[in-house]
Amino acid sequence: MATLTDTFGVQKALTQLGITAINDGTSTGLNSFANGELISSYSPVDGSLIAQVKTSTPDDYQTVMAKAEEAFKVWRLVPAPKRGDIVRQMAEELRKFKEPLGQLVSFEMGKSLQEGLGEVQEMIDICDFAVGLSRQLYGLTMHSERPLHRMYEQWHPLGIVGIISAFNFPVAVWSWNSMLALVCGDVYVWKPSSKAPICAIACQNIIKTVLERNNLPEGISGLVTGEACNELLNNDKRIPLVSFTGSTRVGRHVSKTVAERFGKTILELGGNNAIIVSEHSDISMVLVGAVFGAVGTAGQRCTSTRRLIIHESVYDKTVAVLKSAYAQLKIGNPLDSNNHVGPLIDKMAVESFLNAIEKAKAEGGTVVTGGGVVQGEGYESGCYVNPCIIEAENHYTVVQEETFAPILYLMKYSTIEEAIALQNGVPQGLSSSIFTNSMREMELFLSQSGSDCGIANVNIGTSGAEIGGAFGGEKETGGGRESGSDAWRAYMRRQTNTINYGTQLPLAQGIRFDL
Ligand code: UN1
């Protein structure tokens, strides 16, 4: 019987990416030392074992860190535009490997092939962005209050950046951090999700060719695997910045641990993103935005749409349209482009999907459509679920939490002020959106009395942000910003310099100190 792996060419992709059945430190070669237990990576697509990865022991971790420390001494001296050129070469490699890497992302974590390819495209885009940035790491100059003095600020590399990434964007979020860190003159140690370690090995293999070709130390790009490494990174004083993507619960712990040693964090934690559907909206646009937002990546994006806040006058119509759209959804192998919805990452995720639906019902919610596990041929992994729509109220505990699954809660509003209050009335603050053609509503939503989120969109859903903007959110989302705009500043340290080129030593604030 042909396995799904054969049918969709995943085996070929693995070979192209240099993935063998067991990947350990020796077979990957690039600053990855792993002599610990094996992690097995199973595909949620068909339940098959993709490969096994050895975890890093505490000794392995120390080896990787020592190499990173050495590499930093070299890398920080490479002029920033030259660092940009190395990142440009990485982008070229990623362009070459876009197809197999996109396939691997899809196969290892279960998102659709198109989204897998889109994720690799985000990597290429952030590389290109970082290349330009490598000539624009600008500091300000100020006018000194003293004569014959010059004052300015400059940005220096921080050192070793710890990157802890999540399964849902196993390669893009790493690249947002790593490529910016690299042009800033930092090196990094990456601890990928244990649910998607093969993607990380594939990236290391790609980076390795560029570093080797340019005679650069492998320690520039470090990889450690296994959950025990999280605490080692968080507590390590040699790591001035930890960029963590994951749940609010774990993020709270990372934040405290790193702050305790005065390290910095970039936190990308949970979202509870809502779309406001105004009576002045275009329903066909709402449909695409809401359905892709809620079921794309099987609801496993931080930016997934979790709540629809619908004006009472268009509520019934919107629910009817959504219901029929959900009835058309094709659930199945994400490598098959005919399917809209792939599997959840694992059976634990399926459990939390089912539990959340039960909780919502117990709190008074009504299931409009969906729910339950999809059974039968092609669904043997047990990770496929029917995307669910539930009529609910914003104050339900289950609605206030982020469930990383395709559950969309519907609620009604009558005034725009009430809609904005509902949208903001959750502990998280990542992404938000309004569909409206009313300028008044749009501007109010974007004003200081509007959305309290890091991302606020008009006539666009909550997910699918472009890399050019700063990405991140407020409140329990953690406050971090990554990717575009001036997010690079978090990867550097600012130094204020004042130079006296006169022959006197006047003190600031006019203080006199005569000797
Ligand atoms: C995430 O889910 O962690 O905006 C990141 C988006 C993607 C990134 C999501 N560009 O949906």
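Here the residue numbers are simple positions, counted from 1 along each chain's written sequence. Where totals are concerned, whole chains, interfaces and linings use all residues; where local detail is concerned, this predicted model gives features only for residues with pLDDT of at least 70, and gives and counts side-chain atom pairs only at 80 or more. Only heavy atoms go into the side-chain values, all of them from the structure, while hydrogens and water stay out.

As recorded in an unreviewed UniProt entry, the chain goes by aldehyde dehydrogenase (NAD(+)) and comes from Flavobacterium rivuli WB 3.3-2 = DSM 21788. UniProt positions are given in the numbering used here, feature names are shortened, and annotations may be inferred rather than shown by experiment. Note on the chain: under the UniProt heading Subunit (unreviewed entry), the record states "Homotetramer." Of the comments in the UniProt record for the chain, the one headed Sequence similarities (unreviewed entry) reads "Belongs to the aldehyde dehydrogenase family."

This brings us to the side chain of Asn273. Under the scheme used here, helices are H or I runs from DSSP no shorter than 4 residues and strands are E runs no shorter than 2 residues, and both carry numbers assigned from the N terminus. Its place among the elements puts Asn273 in strand E11 (residues 273-277). Only protein chains enter the accessibility calculation, which uses a 1.4 Å probe; a residue is then buried when its area is under 20% of its type maximum, exposed when over 50%, and partly exposed in between. Residue classification places Asn273 among the buried residues on the basis of a relative accessible area of 0%. Whenever a nitrogen or oxygen atom comes within 3.5 Å of another N or O atom, the pair is scored as a polar contact, on the condition that within protein one atom can donate a hydrogen and the other can accept it, and that pairs from neighbouring residues in sequence are kept only if both atoms are in side chains. Of the polar contacts made by the side chain of Asn273, one reaches the backbone oxygen of Thr303; its length is 3.4 Å. In contact with Asn273, not counting residues within four places along its chain, are Cys302, Thr303, Ser304, Thr305, Arg306, Arg307, Leu430, Ser431 and Thr462. Only heavy atoms matter for contacts: two residues are in contact if any of them lie within 4.5 Å across the pair.

Residues belong to one nonpolar core when they are buried, are Ala, Val, Leu, Ile, Met, Phe, Trp, Tyr or Cys, and are joined through side-chain atoms within 4.5 Å. The biggest cluster of nonpolar side chains holds 152 residues, and the ones touching the most others in it are Met179, Tyr409 and Leu410. Here this core gets 10 residues from one element, more than from any other, and that element is helix H9 (residues 197-213). Just so you know, the domain bounds were taken from an automatic or database domain assignment. Composition of this core by domain shows at least three residues from each of domain 1 (58-269 + 481-494) and domain 2 (273-466). Apart from the residues lying within four places of it in its own chain, the contact partners of Met179 are Val87, Met90, Ile126, Cys127, Ala130, Trp174 and Ile207.

The buried fraction of strand E15 (residues 407-413) is high, at six of seven residues. DSSP-based pairing: two strands are paired if at least 2 bridges between them are found. Inspection of the sheet shows strand E12 (residues 305-311) paired to E15 by five bridges, in the parallel sense. Paired with Ile309 across the two strands is Met411, which belongs to E15. Across four bridges, strand E14 (residues 388-391) lies against E15 in parallel orientation. The residue bridging Cys388 from the neighbouring strand is Ile407, located in E15.

All right, on to the sheet that holds E12 then. Taking strand neighbours across the sheet as the criterion, the seven strands line up as E13-E14-E15-E12-E11-E17-E18 in an open arrangement whose pairing is mixed. Both outer strands of the open sheet, strand E13 (366-369) and strand E18 (455-458), are each paired with one neighbouring strand and no more. On average, adjacent strands in this sheet sit at an angle of 25° to one another, irrespective of strand direction. Relative to E14, E13 is paired through three bridges, and the arrangement is antiparallel. The partner of Thr369 across the bridge, within E14, is Ile389. Axis definition: a line fitted to C-alpha atoms, over the contacting stretch in the case of helices. Angles run 0 to 180 degrees between N-to-C directions.

As a further point, take the packing of helix H6 (residues 98-109) against helix H7 (residues 113-133). Their axes nearest at 7 Å, the elements H6 and H7 cross at an angle of 125°. With respect to H7, the element H6 is oriented oblique. The two elements H6 and H7 cross, and the hand of that crossing is right-handed. Contacts from Lys98, Glu99, Leu101, Gly102, Gln103, Val105 and Ser106 in H6 reach Leu113, Gly116, Leu117, Glu119, Val120, Gln121, Met123 and Ile124 in H7. Under the scheme applied here, ten amino acids are nonpolar (Ala, Val, Leu, Ile, Met, Phe, Trp, Tyr, Cys and Pro), four are charged (Asp, Glu, Lys and Arg), and all others, including Gly, are polar. A per-class count over the contact of H6 with H7 returns seven nonpolar, five polar and three charged. Here the word oblique covers every angle except those under 35 degrees (roughly parallel), over 145 (roughly antiparallel) and from 65 to 115 (roughly perpendicular). Handedness of a crossing is defined here by the sense of rotation of the near helix relative to the far one, left-handed for an anticlockwise turn of less than a right angle and right-handed for a clockwise turn.

Our focus in this paragraph is the state of the cysteines. When the sulfur atoms of two cysteines come within 2.5 Å, that pair is taken as a disulfide. The full count for this structure, using the stated rule, is zero disulfides. Looking at Cys127, it has no disulfide partner, and the nearest cysteine sulfur is the one in Cys203, 10 Å off. For Cys127, a relative accessible area of 0% translates into the label buried. Not engaged in a disulfide, the cysteine Cys229 finds its nearest cysteine sulfur in Cys203; these two sulfurs lie 18 Å apart.

Glancing now at the domain arrangement of the chain. Assigned domains within the chain: domain 1 (58-269 + 481-494) and domain 2 (273-466). Of note, the centres of domain 1 and domain 2, computed from C-alpha atoms alone, are 31 Å apart. Residue-level contacts link 17 residues of domain 1 with 16 residues of domain 2. Taken together, both faces of the contact between domain 1 and domain 2 bury some 1400 Å²; the carbon and sulfur share is 60%. Accessible area that two parts lose when put together, evaluated with a 1.4 Å probe and summed over both, is termed the buried area.

A word on the packing of helix H5 (residues 80-96) against H9. Packing of H5 against H9 brings their axes to within 9 Å, and their N-to-C directions diverge by 140°. Relative to H9, the element H5 is oriented oblique. Considering how the two elements wind past one another, H5 and H9 form a crossing that is right-handed. In this structure, H5 uses Ile86, Gln89, Met90, Glu93 and Leu94 to contact H9, whose residues at the interface are Ile206, Ile207, Thr209, Val210, Leu211 and Arg213. Among the residues forming the contact of H5 with H9, the class breakdown is seven nonpolar, two polar and two charged.

So, on to the pattern of salt bridges. Definition used for salt bridges: Asp or Glu carboxyl oxygen within 4 Å of a side-chain nitrogen of Lys or Arg. A full pass over the atoms with the stated rule returns 22 salt bridges. When the shortest N-O distance is used, the salt bridge between Glu358 and Lys361 registers 3.4 Å. One end of the pair, Glu358, and the other, Lys361, are both in helix H14 (residues 347-362), three residues apart, so they sit about a helical turn from each other. A relative accessible area of 40% places Lys361 in the partly exposed class. Here the salt bridges share partners, and the residues they tie into one network are Glu69, Asp236 and Arg238.

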